[in-house]
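A closer look at the structure
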Amino acid sequence: MASEEDDDPIIQEIDVYLAKSLADKLYLFQYPVRLSSMTYDDVTHLSAKIKPKQQKVELEMAINTQSPNYCRSKGEQIALNVDGTTSEDSKHLLCMMDKQTFTSIQSTTNTSRYAAAVFRKGELHVTPLQGILQMRPSFSYLDKADSKHRERETANEGGDSSQDEAEEDVKAVTVRFPALSRSRLVSGVSSPMTSFRRNRQRSPGSTCITTAST
């Protein structure tokens, strides 16, 4: 037993402190769709929302629109689809997609075995975690763009229906023609024999038979 202790001697003793001041407010955020080397430490955080009972978090972060990897035309098109043509009500400051939203889902419901620790001045301060959340990009702006598109289609259909109603309001007009007398009606109709006689008088040297259409 003594030989084992000599082979693995104690190098340093550290005092461990259990800090509970942030026990009900400390969350661990994970970003599974982003490389660990690409952190959000230098990204501007615009806003944050949290529902403590449901453990739901929503973060808004700025997008670097000056980056060579940013497609300006696509950003302007997305902002136009979401906000419409009026810039007064635009939620995007630059009239283009200049921010993104992250929403959370719970990685685990049991965090009793997890804690965050800070080693400082030879002391280890440990704080239990309230929750572990995975932050993923939210594409709710696509739903807003689709809603705007449906509203425009509904408005266009409403204009067409009003035009149809206006056309239905046109009143019918009755057209009357004077009745012809029997003598004029009879005189206006030629019999086959009459046509045959007229043609014979016009061309005595030939015989022409004309059949009147019924």
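Calculation criteria
Residues numbered from 1 in each chain as written. Predicted model: local features only at pLDDT ≥ 70, side-chain atom pairs only at ≥ 80, totals over all residues. Heavy atoms only, no water. Helix = DSSP H or I, 4+ residues; strand = E, 2+ residues; numbered from the N terminus. Buried < 20%, exposed > 50% of the residue type's maximum accessible area, 1.4 Å probe, protein only. Contact = heavy atoms within 4.5 Å. Areas by Shrake-Rupley, 256 points an atom, 1.4 Å probe, with all protein chains shown as cover. 1 Å grid on protein atoms, 1.4 Å probe; cavity = no way out; pocket = protein on both sides within 12 Å on 5 of 7 lines; lining within 4 Å. Points joined across faces, edges and corners; volume = space filled by probe spheres on them. Nonpolar A, V, L, I, M, F, W, Y, C, P; charged D, E, K, R; others polar. Pairing = 2+ DSSP bridges. Axes fitted to C-alpha atoms, helices over the stretch in contact; angles between N-to-C directions. Polar contact = N/O pair within 3.5 Å; in protein donor to acceptor, adjacent residues only side chain to side chain.

The subject of this paragraph is the overall build of the protein chain. Secondary structure summary: the protein chain contains five helices and eight strands in total. Evaluated residue by residue, the protein chain yields a buried proportion of 16% over its 214 residues. Long-range pairs, those at least 24 residues apart, make up 66% of the contacts in the protein chain between residues at least 6 apart in sequence. For the protein chain, the exposed area adds up to about 17800 Å²; of that, 52% sits on carbon and sulfur atoms.

With that settled, consider the side chain of Gln55. Position of Gln55 relative to the elements: it lies in the loop between strand 3 (45–51) and strand 4 (56–62). Taking relative accessible area as the criterion, Gln55 reaches 12% and is therefore assigned buried.

Looking now at the layout of surface pockets. Space inside the largest pocket adds up to approximately 330 Å³. Every residue along the wall of the largest pocket is listed here: Arg34, Met38, Tyr40, Val43, Ala62, Ile63, Asn64, Ser67, Asn69, Tyr70, Cys71 and Gln100. Of the residues belonging to the lining of the largest pocket, the class tally is seven nonpolar, four polar and one charged.

Another aspect to go through is the sheet that holds strand 2 (residues 27–30). What the five strands build is an open sheet, ordered 2-8-5-4-3; its pairing is mixed. Of all strands in the sheet, those bounded by a partner on one side alone are strand 2 and strand 3. Strand after strand, the sheet turns through a mean of 25 degrees between neighbouring axes, direction not considered. Here strand 4 runs beside strand 5 (residues 99–108); their pairing, made up of five bridges, is antiparallel.

Structurally, Ser104 can be placed in strand 5. Within the local environment of Ser104, its side chain forms a polar contact with the backbone nitrogen of Val57, the two atoms lying 2.8 Å apart.

The next thing to look at is the sheet that holds strand 7 (residues 123–128). Strand order across the open sheet formed by three strands is 1-7-6, with mixed pairing between neighbours. The sheet terminates laterally at strand 1 (15–18) and strand 6 (115–120), the two strands that pair on one side only. With direction set aside, neighbouring strand axes in the sheet form an average angle of 25 degrees. One ladder, built from four bridges, connects strand 1 with strand 7; its direction is parallel. Bridge pairing links Val16 to Leu124 in strand 7.

When strand 6 meets strand 7, the two strands line up antiparallel, connected through six bridges. Paired with Ala115 across the bridge in strand 7 is Pro128. In sequence, strand 6 turns back onto strand 7 through a hairpin of two residues, with Lys121 there showing a positive phi of about 55 degrees.

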